[in-house]
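Listed below are the residues making up each chain.
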Amino acid sequence: MKKRMKRLRFLAGGMMTVLAVAGITGCEKKPDAEEVITESITAQLESIKTLDEETLKELSADELTEEFAPYGIDGEEYLRTYLDGFDYTVGEVTVDGDTAQADVTLTCKSYQDIEDGIENAVVEIMETPEEILELTEEEINLKIGEVIMGAIGEIEPKETEPITLTYEQKDGTWSEAKETEDLVTDALMNH
């Protein structure tokens, strides 16, 4: 009888251990909506920050190369120079039922600063027209390309005003709302 009791205690103890381990692993906490949304935003913005191959394709680096070819500008180099110093901060994520909003601040070069920089560089070139008169059309285009890339390279990134990205939950999955899709692009281009 004592042997049976010891064996039952041993089995019971073993079963309790198995149940405890199953309970721990089976009840792993699912990430909350705030975490899921923050991770989604981070993944998207990190791809811009690191400019991986997929992002370069999405940003049409090849098309830019074709467009800028007369000026000797490589599309990938243009994007890397334009986005040099890009960073972001994901602020508060507020969830209200099946919708959520996340505040995001970008740090990037101001498109207006780039335009101003190019304009100033062109004015400098025009101050010495004799140098341009001696160049062929191809050489002038290459000079313009140098001016553009130089102007972009000299611009310091600045923080944008915070933008609010909206997310919606459908069938248990959080995704960016349609009206949110262009906010990051607009912030990059109109900052």
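Structure: above.
Keep in mind the model is a prediction, meaning the values are calculated, not measured.

Engineer: For this particular structure, what's the right way to read the packing of helix α6 (residues 111-126) against helix α8 (residues 137-154)?
Structural biologist: Two numbers describe a pair of packed helices, the interaxial angle and the distance between the axes. Two elements in contact, α6 and α8, have axes separated by 8 Å at closest approach and are oriented at 135°. Relative to α8, the element α6 lies oblique. Note on packing geometry: the crossing formed by α6 with α8 is right-handed. Counted together, I114, G117, I118, A121, V122 and I125 of α6 and K143, V147, I148, A151 and I152 of α8 form the full contact between these two elements. Considering only residue class, the contact of α6 with α8 consists of 9 nonpolar, 1 polar and 1 charged.

Engineer: Looking at this structure, how should I read the pairing of strand β4 (residues 163-170)?
Structural biologist: Two faces make up the sheet, and in a regular strand the side chains alternate between them. Of the pairings in the sheet, the one linking strand β2 (residues 99-108) to β4 comprises 6 bridges and is antiparallel in character. Bridge pairing in β4 places T99 opposite E168. Two strands pair when backbone bridges link them, and β4 and strand β5 (residues 173-176) are joined in this way by 4 bridges, in the antiparallel orientation. Paired with K170 across the two strands is T173, which belongs to β5. The hairpin turn running from β4 into β5, its antiparallel successor, is 2 residues long, and D171 in that turn takes a positive phi close to 50°.

Engineer: Just checking my understanding: could you explain helix α4 (residues 61-68) for this structure?
Structural biologist: An α-helical turn contains 3.6 residues, so a residue and the one three or four places further along point in the same direction. Listed as buried for α4 are A61, L64 and F68. Down the axis, α4 shows its buried residues gathered within 55° of arc, on one side only. Residues D62, E63 and E66 are exposed on α4 and point more than 90 degrees away from its buried face. Packed against the buried residues of α4 are α3 (53-58) and α5 (75-82).

Engineer: Would you mind going over the environment of V93 with me for this structure?
Structural biologist: Mapped onto the secondary structure, V93 falls in strand β1 (residues 87-96). Look at V93 and you get buried, because its relative accessible area is 11%. A sequence separation of 11 residues divides V93 from V104, and the C-alpha atoms of the two residues are 9.3 Å apart. Leaving out residues up to four positions away in the same chain, V93 has contacts with E34, I37, T38, Q101 and A102.

Engineer: Got a minute to help me understand α6 in this structure?
Structural biologist: Taking 1.5 Å as the rise per residue, α6 with 16 residues should run 22 Å; its terminal C-alpha atoms sit 23 Å apart, in good agreement. Taken together, the buried positions of α6 are I114, G117, A121 and I125. Relative to the axis of α6, the buried residues are bounded by an arc of 75° and lie together on one face. Turned more than 90 degrees away from the buried face of α6, the exposed residues are E119 and M126. Buried-residue contacts for α6 involve α5, α7 (129-133) and α8.

Engineer: Can you walk me through the nonpolar core in this structure?
Structural biologist: Within the largest apolar cluster, 35 residues are counted, with the highest numbers of intra-cluster contacts made by L45, F86 and L106. Elements that contribute at least two residues to this core include exactly α2 (33-50), α4, α5, β1, β2, α8, β4 and α9 (183-189).

Engineer: Where do I start with the side chain of T166 in this structure?
Structural biologist: Mapped onto the fold, T166 is located in strand β4. For T166, the contacting residues outside a window of four places in its chain are A100, Q101, S175, E176, A177, E179 and T180.

Engineer: Sorry if this is basic, but what is going on with unusual backbone geometry here?
Structural biologist: What is expected of a backbone is that most residues other than glycine have negative phi and most peptide bonds are trans. If you check the backbone angles, S60 has positive phi at about 60° while not being a glycine. Position of S60 relative to the elements: it lies in the loop between α3 and α4. In this structure S60 comes out as partly exposed when scored by relative accessible area, which is 24%. Here D171, not a glycine, exhibits a phi torsion of approximately 50°, which is positive. Its place among the elements puts D171 in the loop between β4 and β5. Judged by relative accessible area, which is 82%, D171 ranks as exposed.

What counts and what doesn't
- Residues numbered from 1 in each chain as written.
- Predicted model: local features only at pLDDT ≥ 70, side-chain atom pairs only at ≥ 80, totals over all residues.
- Heavy atoms only, no water.
- Axes fitted to C-alpha atoms, helices over the stretch in contact; angles between N-to-C directions.
- Helix = DSSP H or I, 4+ residues; strand = E, 2+ residues; numbered from the N terminus.
- Parallel < 35°, antiparallel > 145°, perpendicular 65-115°, else oblique.
- Left-handed = near helix turned anticlockwise from the far one by under 90°.
- Contact = heavy atoms within 4.5 Å.
- Nonpolar A, V, L, I, M, F, W, Y, C, P; charged D, E, K, R; others polar.
- Pairing = 2+ DSSP bridges.
- Buried < 20%, exposed > 50% of the residue type's maximum accessible area, 1.4 Å probe, protein only.
- Arc of directions from axis to C-beta.
- Expected span 1.5 Å × (residues − 1).
- Core = buried A, V, L, I, M, F, W, Y, C linked by side-chain atoms within 4.5 Å.

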